[in-house]
Amino acid sequence: MRISVIGCGYLGAVHAATLASMGHDVVGIDTDESKVRLLSRGVAPFYEPGLEELLAHTTAQGTLRFSRDFSETSGADVHFLCVGTPQSKTGDGADLGYLLAATQELRRHARAGSLVVGKSTVPVGTVDVLGDLLAERGDLLLAWNPEFLRQGTAVKDSLVPDRLVYGAEGPQEKRAVEMLDAVYAPLLGAGVPRIVCNFATAELIKSAANAYLATKLSFINAMGELCDAAGADVVALSEAMGLDPRIGARYLHAGLGFGGGCLPKDIRSLRTQAGSLGVTALEDWMGSVDTINREQRARSVSLAADLLGGSVAGRQVTVLGAAFKPDTDDIRDSPAMDVAMRLVEAGAHVTVTDPKAINNAWLRFPQMRFETKPLAALDGAELVVLATEWDEFCRLDPAVAGKLVRRRLLLDTRNALDADSWAAEGWTVAGLGVPGRRPRARAAAGQPTSV
Ligand SMILES: NC(=O)c1ccc[n+]([C@@H]2O[C@H](COP(=O)([O-])OP(=O)(O)OC[C@H]3O[C@@H](n4cnc5c(N)ncnc54)[C@H](O)[C@@H]3O)[C@@H](O)[C@H]2O)c1
Ligand SMILES: O=c1ccn([C@@H]2O[C@H](COP(=O)(O)OP(=O)(O)O[C@H]3O[C@H](CO)[C@@H](O)[C@H](O)[C@H]3O)[C@@H](O)[C@H]2O)c(=O)[nH]1
């Protein structure tokens with residue numbers, strides 16, 4: 001099929017490349033000239049494992065191209081809206097300005113009978129607003145197909161998704177579903193489940209999924225606070241809980257909490273939606289999830305001060321990690337950068353290192369020093385803070401690191417390192433929710449776990 005993808009950021013570029021790899025003829029449209037220039041050469045404008053190979057292949061074989069010119073959408077049968085819906089500057093709701101602008105442009109160029117499909121994450125009711133905009137044309141179809149990919153595994157998540165959700169309604173429903181089935185034929189053929197529902201349900205499925213993940217994370221982090229107060233160990237607690245298949249171990253990893261361009265803004269948007277629709281229990285709930293999450297950043301900074309004898313002022317602190325999670329260069333609402341900034345504000349001299357996110361971070365945070373090599377970043381540190389659990393940091397040799405630092409103090413905010421081996425090299429290791437820090441227990445399948 002001929003497809004246009006409007007908005008080629010972390011979501012759209014991956015979506016465009018994976019659709020092209022499935023055999024579709026795809027044009028990606030973005031207003032950002034530098035992004036379009038890079039993508040057109042088959043170069044990814046951000047770090048996402050597997051994307052560059054896919055882009056290089058599909059642009060070279062001619063099934064994928066990029067443009068700033070909206071008129072290029074006129075040949076497409078299906079258009080995917082993938083522009084940003086960031087938190088609005090005036091409140092916690094979503095800023096729909098990019099989505100409205102893109103829809104208006106598309107209305108001018110899309111050919112009769114083509115299908116407009118939203119993938120951006122939106123507050124419930126947005127599709128109706130876009131539907132009204134498109135209705136002025138009278139010959140375009142509309143569907144909503146929220147996206148669930150995660151950065152860092154976005155290519156795999158797009159090629160092997162857990163499910164496909166189609167929001168479709170009214171007299172257009174049958175045709176919209178047929179067209180989406182044709183787009184996703186290889187995935188459906190491989191057995192990916194498909195759920196067809198109305199617009200409001202499709203919008204809310206996406207919000208609910210992110211809110212649930214965030215809830216799980218804030219729950220375990222609140223339990224971590226309780227563990228700190230009670231002398232218990234949240235790592236063992238989480239592991240034991242996660243072995244119950246009704247609970248599951250994923251998104252139960254306690255530590256610094258969640259960040260990124262999705263979960264934080266999406267729970268705030270859901271909070272606003274719940275408030276405006278009078279569901280105050282959910283509004284309060286989302287508020288608590290957000291508050292607990294933010295508290296992990298403050299707790300980390302106060303633990304850093306405790307480790308340094310009460311204050312970080314004037315101390316040399318190395319923060320391992322800038323990205324909001326491993327395997328991405330994205331620093332949007334990054335817990336790591338938040339902690340680094342709070343340490344700077346408390347008077348510390350902060351050096352940050354990250355395998356991929358330094359280029360995004362150094363322009364925005366001139367108050368700190370950046371190093372691309374972790375060993376160089378450790379030089380002279382009085383405290384090391386692990387804030388993003390990149391493999392490269394988890395593999396650091398505590399003996400080698402110990403020779404570079406001034407003091408062997410480690411705050412592992414992700415509870416990701418093997419505390420025993422660091423302690424064996426003379427390091428004092430602290431973490432969130434692990435007051436009497438013990439090594440992480442790893443349950444072997446079928447064997448009893450002792451912690
Ligand atoms: N990042 C993810 O992992 C992910 C996953 C699922 C859903 N989402 C949702 O997808 C949407 C996009 O997120 P993102 O992370 O890709 O954002 P992003 O900021 O990385 O990308 C948005 C892109 O849209 C472009 N753009 C803005 N206005 C435009 C216009 N009028 N016409 C064409 N292009 C325009 C921007 O230049 C940018 O490249 C959001 O609603 C987000 O919540 C994101
Ligand atoms: O056990 C865990 C798992 C994750 N995180 C943190 O949670 C945040 C979000 O992680 P993840 O969900 O893997 O990344 P995203 O790429 O933000 O993906 C989320 O947001 C996307 C955008 O809406 C959705 O499409 C995905 O389904 C949803 O997982 C990161 O800061 C992680 O460090 C933890 O602290 N502990």
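Fair warning: this is a prediction, and the values are worked out from it, not measured in the lab.

With that settled, the discussion passes to the sheet that holds strand β9 (residues 316-320). Read from one edge of the open sheet, six strands run β11-β10-β9-β12-β13-β14, paired in parallel fashion. In the strand order of this sheet, the two ends are held by β11 (369-371) and β14 (428-431), each with one partner. Taken over all neighbouring pairs, the strand axes of this sheet differ in orientation by 20 degrees on average, direction set aside. As judged from the three bridges shared by strand β10 (residues 349-353) and β11, these two strands associate in the parallel manner.

In this section: empty space enclosed by the protein. Per the counting criterion, the structure on display carries two cavities of 30 Å³ or more. Size it by volume and the largest cavity reaches roughly 70 Å³. In terms of lining residues, the largest cavity is bounded by 13 residues, among which Ala94, Thr121, Lys265, Asp266 and Ser269 are the most central. It is helix α11 (residues 263-276) that contributes the most residues to the lining of the largest cavity, four residues altogether. The residue makeup of the lining of the largest cavity, split by class, is three nonpolar, seven polar and three charged. Counted as a void, the second largest cavity has a volume near 30 Å³. Around the second largest cavity, the lining residues are Ser120, Thr121, Val122, Trp144, Pro146, Ala202, Glu203, Lys206 and Ser207. With four residues, helix α9 (residues 199-230) is the largest single contributor of residues to the lining of the second largest cavity. For the lining of the second largest cavity, a count of residues per class yields four nonpolar, three polar and two charged.

Across residues other than glycine, the phi torsion is negative in most instances, and most of the peptide bonds are trans. Unusually for a residue other than glycine, Asp327 sits at a positive phi of about 70 degrees. Within the secondary structure, Asp327 sits in the loop between β9 and α13 (335-345). In this model, Asp333 sits at a positive phi of 40 degrees, which is unusual for a non-glycine residue. Tracing the backbone shows Asp333 in the loop between β9 and α13.

How each quantity is defined
- Residues numbered from 1 in each chain as written.
- Chains lettered and ligands numbered in written order.
- Predicted model: local features only at pLDDT ≥ 70, side-chain atom pairs only at ≥ 80, totals over all residues.
- Heavy atoms only, no water.
- Pairing = 2+ DSSP bridges.
- Helix = DSSP H or I, 4+ residues; strand = E, 2+ residues; numbered from the N terminus.
- Axes fitted to C-alpha atoms, helices over the stretch in contact; angles between N-to-C directions.
- 1 Å grid on protein atoms, 1.4 Å probe; cavity = no way out; pocket = protein on both sides within 12 Å on 5 of 7 lines; lining within 4 Å.
- Points joined across faces, edges and corners; volume = space filled by probe spheres on them.
- Nonpolar A, V, L, I, M, F, W, Y, C, P; charged D, E, K, R; others polar.

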